[in-house]
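# A structural walkthrough
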Amino acid sequence: MMIGALDAPRRQLAEIDYALLWSVLMLLFAGLVMVYSASIAIAEAGRFTNHQPAYYLVRHGVFLCIGLVAAGVAFQIPLSLWQKYAPYLFMAGVFMLALVLIPGVGKDVNGARRWLSFGFANLQPSELMKMFAVLYAADYTVRKINVMHDLKQAFAPLFGAMVIVGILLLKEPDFGAFVVIISIAMGILFLGGLKARLFVMLIVGLLFAFAVMIIVSPYRRDRVFGFMDPWADAYGRGYQLSHSLIAFGRGELFGVGLGGSVEKLFYLPEAHTDFLLAVIAEEMGFFGVLAVIALFALIVQRAFAIGRQCVQLDRLYPALVAMGMGIWIGVQSFINMGVNMGLLPTKGLTLPLMSFGGSGILANCVALAILLRVDWENRQLMRGGKV
């Protein structure tokens, strides 16, 4: 619909991409239902939740409402304004990442310091940083478009910025967010015209760096070895993954039914956050997981289709933003699904749009509102109007 729309009669163009909109809304609603299903037992047993079964449901619903309101506001902002303030948003993100590491300011949970506490809620800067990275990397690439053949001029400054972000994220530690942000930056550079030879060299260098970081860190090394054979230490480092795989096995084709998961009953840690897909697999089965994958694939496809349309309309910054959003959602959802299925080492990454977490829901809603804004501006231009 998107690419062929350039040749379609203007009166036939819809105001927005409804395939994208409905995919997002379906995942948000399904996430709300599944977060409640996955968290009801732990909420009822928890002291800090006042033994309220709907504790996480209510909080997730509030986060979702805030996210949708923020998305409505973000949709009203022209892409030219996002581009103008992209460097400042990126600097604000770096400042918040540094703020998290200050003792007494950043909130420590399970040995990780990733949150800023505001009493009624916690803010996770790394989630917002993913969106800021898309906006900044797209702006940077547009400014460097004429020197993309030169590694020093095209890559070195952005590499310096990513090193700073990486150091801060690894101090938290949040290796998963670091991988996603690096993927965003590299993907946007490549789409912006970075030479294939230079791109391959950088990828090889990054893979080597990741391997070194895993080898020198006993914590990461244990996670990798635990992922390779979770049953070798099913009650230790392979505990989470082994129970996730049990949930997938119990679900079979059609699942045990909504609310029928056994693994969420204190067996599978983080069932309503990092391992929500395992609960979906157990309760909704293979076809439920397939539906979730199909919706994420559709969002990524629409993002790249919108980006390609921007290129046809000679709108480079919006094109890179749209595709960058697609890379972000695609990479993070792929990693989360891979972790849940035992295809990738365990990482602290939530499933976008679905898992419990206010910062993630807020960032995802705003990012996809920006994507819808890109599409809306394209349609206005195709009608012969102004944006």
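Check the entry above for the structure.
As the structure is a computational prediction, the values presented were derived from the model and not from experiment. (Residues numbered from 1 in each chain as written. Predicted model: local features only at pLDDT ≥ 70, side-chain atom pairs only at ≥ 80, totals over all residues. Heavy atoms only, no water.)

## Here's the deal with helix α7 (residues 175–191)
- Between its terminal C-alpha atoms α7 stretches 24 Å, which fits the 24 Å expected from 17 residues at 1.5 Å a residue.
- The buried fraction of α7 is high, at 14 of 17 residues.
- Just beyond α7, the residue with positive phi is Gly 193, at close to 115 degrees. (Helix = DSSP H or I, 4+ residues; strand = E, 2+ residues; numbered from the N terminus. Expected span 1.5 Å × (residues − 1). Buried < 20%, exposed > 50% of the residue type's maximum accessible area, 1.4 Å probe, protein only.)

## Examining the pattern of salt bridges
- Per the stated rule, a full pass over the model turns up 9 salt bridges.
- One salt bridge in this structure joins Glu 283 and Lys 264, with 3.0 Å as the shortest N-O distance. Taken together, the positions of Glu 283 in helix α11 (residues 276–312) and Lys 264 in the loop between α10 (239–251) and α11 put the pair 19 residues apart, joining distant regions of the chain. This pair shows no difference in class: Glu 283 is buried, exactly as Lys 264 is.
- Between Glu 377 and Arg 315 there is a salt bridge, with the nearest N and O atoms lying 2.2 Å from each other. Of this pair, Glu 377 sits in helix α13 (residues 358–382) while Arg 315 sits in the loop between α11 and α12 (316–340), placing them 62 residues apart in sequence. By the burial criterion, Glu 377 is buried, and Arg 315 matches it.
- Look at the salt bridges and you will find they share partners, linking Arg 315, Arg 373 and Glu 377 into a network. (Salt bridge = Lys/Arg side-chain N within 4 Å of Asp/Glu carboxyl O.)

## Observations regarding the sheet that holds strand β2 (residues 112–117)
- Judged by pairing direction, the sheet is antiparallel, and its 3 strands sit side by side in the order β1-β2-β3 without closing on themselves. Unpaired on one side and paired on the other, β1 (106–109) and β3 (122–123) mark the two borders of the sheet.
- Taken together, the 2 bridges between β2 and β3 define a ladder with antiparallel strand orientation. Across the sheet, the residue bridging to Ser 117 is Asn 122, located in β3. (Pairing = 2+ DSSP bridges.)

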